[in-house]
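Results of the structural survey
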Amino acid sequence: MNVESLVFYVFAALMIFAGLRVITARNPVHSAMFLVLAFCSASGIWMLLEAEFLSITLVLVYVGAVMVLFLFVVMMLDINLDQLREGFWRWFPFGAALALVMVGEMVYVLGNRKTAATEGLVRHAADYSNIKELGRLIYTDYVYPFEIAAVVLLVAMVAAIALTLRRRIGVKSQNPGKQVLVKKADRLRIVPVAAEKSGSDRAA
Amino acid sequence: MLENYFPVLLFICVGLAVGVVPMVLGKLAAPNRPDDAKLSPYECGFEAFEDARMKFDVRYYLVAILFILFDLEIAFLFPWAVVLKEIGMFGFVSMMIFLAILVVGFVYEWMKGALEWE
């Protein structure tokens, strides 16, 4: 067994272990952390497939950003675990059916000669750049899906704002821009007051 | 190509060792005499006041999701920047359209005040 297959088996075993812990861990925060581990191992496997850009993006975007969101959601939902576990047996048949469909799909893809990559990977030289290969394709041949991706991002942005943006009423806050721009005339009013006679004033 | 990433693998191994070895050493070498008082959870010397999990303001979520979206946008810029000379004007224009669509979203969130914290 060469080093590459050893590394692959280590990452694959780590990923299966992490995946199992994601669904078995009692604490949802631990589940999220094991999901991070699963992402990291998946990134290692992608690197073994020479998909370097995707591998690093997986760490950057999923581990760096998406998991932060997952943790926020776990925190925000204020999950009560006992309540969560209540419906387990009621939903079990549904979940099992879904799992069976997934396994069937995997068997179909991996077992089929047409869809499975049977010829093996071609190893590239040290100066091979996967990111260049990707760049040549995304922005020319796949320009239409690329622009669709932009629209999907736009929809996500608008939806997130529409769902979560709440204007609070009665919040007192400073606006530094307005504070700097203020003029003397806005704040200070000189009232012309008629001068009184000094003599009578003092006498009284 | 993979040989370029051998240092990264080495780094992962060393990082794991740095994390795991002190824990194992502590387990093996340190005296361990727990009792009820030592193992009880406490917070600044007191009994824990409440559950550690609490509701966050939903605005943190909004900031996080907007961050992810722009993070993805940046991820698309990297391969483009590397091959810009090869893909020429067509590639340049396709990226400009991509950016223009996202700028619409950016303007929307700016005008909506989603970037303001209040």
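Notes on the structure in this doc start here. (Residues numbered from 1 in each chain as written. Chains lettered and ligands numbered in written order. Predicted model: local features only at pLDDT ≥ 70, side-chain atom pairs only at ≥ 80, totals over all residues. Heavy atoms only, no water.)

As a further point, take the packing of helix 6 (residues 130-138) of chain A against helix 3 (residues 58-112) of chain B. In contact at an axis separation of 8 Å, helix 6 of chain A and helix 3 of chain B are set at 70 degrees when each is read in the N-to-C sense. As the angle between them shows, helix 6 of chain A and helix 3 of chain B are arranged roughly perpendicular. Considering how the two elements wind past one another, helix 6 of chain A and helix 3 of chain B form a crossing that is right-handed. Counted together, A:I131, A:K132, A:G135 and A:R136 of helix 6 of chain A and B:F78, B:P79, B:V82, B:V83, B:E86 and B:I87 of helix 3 of chain B form the full contact between these two elements. Classifying every residue of the contact of helix 6 of chain A with helix 3 of chain B by side-chain character gives 6 nonpolar, 1 polar and 3 charged. (Axes fitted to C-alpha atoms, helices over the stretch in contact; angles between N-to-C directions. Helix = DSSP H or I, 4+ residues; strand = E, 2+ residues; numbered from the N terminus. Parallel < 35°, antiparallel > 145°, perpendicular 65-115°, else oblique. Left-handed = near helix turned anticlockwise from the far one by under 90°. Contact = heavy atoms within 4.5 Å. Nonpolar A, V, L, I, M, F, W, Y, C, P; charged D, E, K, R; others polar.)

This part takes up the pattern of salt bridges. Counted under the stated rule, the structure contains 2 salt bridges over all chains. Across the pair A:R136 and A:E133 runs a salt bridge whose closest N-O atoms are separated by 3.5 Å. Of this pair, A:R136 and A:E133 are both found in helix 6, 3 residues apart, which corresponds to roughly one turn of the helix. The shortest N-O distance in the salt bridge between A:R136 and B:E86 comes to 2.4 Å. You can see A:R136 sitting in helix 6 and its partner B:E86 sitting in helix 3, one on each of two chains. In this structure A:R136 comes out as partly exposed when scored by relative accessible area, which is 33%. Where salt bridges share partners, they join A:E133, A:R136 and B:E86 into one cluster. (Salt bridge = Lys/Arg side-chain N within 4 Å of Asp/Glu carboxyl O. Buried < 20%, exposed > 50% of the residue type's maximum accessible area, 1.4 Å probe, protein only.)

As a further point, take the packing of aromatic side chains. All told, the structure shown has 12 aromatic pairs over all chains when counted by the stated rule. Taking the centre distance of 6.5 Å and the plane angle of 75 degrees together, the rings of A:W91 and A:F94 count as edge-to-face. With a gap of 3 residues between them, A:W91 and A:F94 both fall in helix 5 (residues 88-111), about one helical turn apart. Across this residue pair, the class does not change: A:W91 and A:F94 are exposed. With 4.4 Å between their ring centres and 10 degrees between their planes, A:F146 and B:F98 make a pair best called stacked. Here A:F146 is found in helix 7 (residues 143-164), whereas its partner B:F98 is found in helix 3 on a different chain. In terms of burial, A:F146 and B:F98 fall into one category: buried. An aromatic cluster is built from A:Y139, A:F146, B:F76 and B:F98, whose rings are joined through pairwise contacts. (Phe/Tyr/Trp six-rings, centres within 6.5 Å; stacked < 30°, edge-to-face > 60°.)

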